[in-house]
Amino acid sequence: QVQLVESGGGLVQAGGSLRLSCAASGRTFSSYAMGWFRQAPGKEREFVAAISWAGGNKYYADSVKGRFTISRDNAKNTVYLQMNSLKPEDTAVYYCAADRGGPRVVAATYDYWGQGTQVTVSS
């Protein structure tokens, strides 16, 4: 069992930056690939970024490539999402998730989810 708690969301102006954190419980965190997803009002949950268990492989949605960076610190049981050059269309609830396989881009393949953190980007 893995419990995930996101933090770091908030309100930021377009062009600004935020760093999301996802703290995981359990001693098996380092064996999971981790992903970030987001869901805007009235839209489906979409893939943002994923990272392999050791951090060597990273994947990004085209919409965030070059602006967002995913990383992890297995000693701290934490995964991060650094978000730069934020745009109003990045506004959404951001979720982190853990995947025994992966890293993968399909939400249904993830085993555990956090409760989400709101990111709002004003124009």
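Everything below is about the structure printed above this text.
Figured I'd write up the structure that's included with this text. As the structure is a computational prediction, the values presented were derived from the model and not from experiment.

**Observations regarding the overall build of the protein**
And then number 1: Per the secondary structure count, the protein includes zero helices and eleven strands.
And then number 2: Walking the protein from its N terminus toward its C terminus, one meets helices and strands in the order β-β-β-β-β-β-β-β-β-β-β.
And then number 3: Its C-alpha atoms give the protein a radius of gyration of 13 Å, within 12% of the compact-globule value 14 Å for 123 residues.
And then number 4: When the 123 residues of the protein are sorted by exposure, 45% land in the buried category.
And then number 5: Contacts in the protein between residues at least 24 apart in sequence constitute 58% of all its contacts with a sequence separation of at least 6.
And then number 6: About 6100 Å² of surface is accessible on the protein, with carbon and sulfur atoms providing 48% of the total.

**Quick notes on the side chain of arginine 67**
And then number 1: Positionally, arginine 67 belongs in the loop between strand S6 (58-60) and strand S7 (68-73).
And then number 2: Within the local environment of arginine 67, its side chain forms a polar contact with the backbone oxygen of serine 85, the two atoms lying 2.9 Å apart.
And then number 3: Once residues within four sequence positions are removed from consideration, arginine 67 is found in contact with Gln82, Met83, Asn84, Ser85, Leu86, Lys87 and Asp90.

**Notes on the state of the cysteines**
And then number 1: All chains considered together, the criterion is met by one disulfide.
And then number 2: Between the sulfur atoms of cysteine 22 and its disulfide mate cysteine 96 the distance is 1.9 Å. Taking the sign of the S-S torsion, about 45 degrees here, the bridge from cysteine 22 to cysteine 96 comes out right-handed. Highlighted residues: cysteine 22 in strand S3 (residues 18-24) and cysteine 96 in strand S9 (residues 92-99), separated in sequence by 74 residues.

**Here we look at the pattern of salt bridges**
And then number 1: In total, this model carries six salt bridges according to the counting rule given.
And then number 2: In this structure, aspartate 62 engages lysine 65 in a salt bridge whose closest nitrogen and oxygen atoms are separated by 3.1 Å. By the burial criterion, aspartate 62 is exposed, and lysine 65 matches it.
And then number 3: Two residues, aspartate 90 and arginine 67, come together in a salt bridge whose shortest N-O distance is 2.8 Å.

**Focus: the sheet that holds S7**
And then number 1: Read across the sheet, four strands follow the order S1-S3-S8-S7 without closing on themselves; strand pairing throughout is antiparallel. Lying at the two open borders of the sheet, with one neighbouring strand each, are strand S1 (4-7) and S7. Each adjacent strand pair in this sheet contributes to an overall mean axis angle of 15 degrees, direction not counted.
And then number 2: Looking at chain direction, S3 and strand S8 (residues 78-83) are connected through six bridges and run antiparallel. Across the sheet, the residue bridging to leucine 18 is methionine 83, located in S8.

**Brief notes about the environment of valine 105**
And then number 1: You can see valine 105 is positioned in the loop between S9 and strand S10 (112-113).
And then number 2: In this structure, the C-alpha to C-alpha distance between valine 105 and tryptophan 36, residues 69 residues apart in sequence, is 9.3 Å.
And then number 3: Those residues within four positions of valine 105 in sequence are excluded, and the remaining contacts are Phe37 and Phe47.

**Looking at the nonpolar core**
And then number 1: Ranked by size, the top nonpolar core spans 35 residues in total, and within it Leu4, Met34, Trp36, Leu81, Met83 and Tyr94 carry the most contacts.
And then number 2: Counting only elements with at least two residues in this core, the list comes to S3, strand S4 (33-39), strand S5 (46-51), S7, S8, S9 and strand S11 (117-122).
And then number 3: Once you skip the residues sitting within four places of it in the chain, tyrosine 94 turns out to touch Glu6, Leu20, Trp36, Phe37, Arg38, Val48, Phe68, Leu81, Met83, Gly116, Thr117 and Val119.

So, how was this worked out
Residues numbered from 1 in each chain as written. Predicted model: local features only at pLDDT ≥ 70, side-chain atom pairs only at ≥ 80, totals over all residues. Heavy atoms only, no water. Helix = DSSP H or I, 4+ residues; strand = E, 2+ residues; numbered from the N terminus. Rg over C-alpha atoms; globule rule 2.2 N^0.38 Å. Buried < 20%, exposed > 50% of the residue type's maximum accessible area, 1.4 Å probe, protein only. Contact = heavy atoms within 4.5 Å. Areas by Shrake-Rupley, 256 points an atom, 1.4 Å probe, with all protein chains shown as cover. Polar contact = N/O pair within 3.5 Å; in protein donor to acceptor, adjacent residues only side chain to side chain. Disulfide = S-S within 2.5 Å. Salt bridge = Lys/Arg side-chain N within 4 Å of Asp/Glu carboxyl O. Pairing = 2+ DSSP bridges. Axes fitted to C-alpha atoms, helices over the stretch in contact; angles between N-to-C directions. Core = buried A, V, L, I, M, F, W, Y, C linked by side-chain atoms within 4.5 Å.

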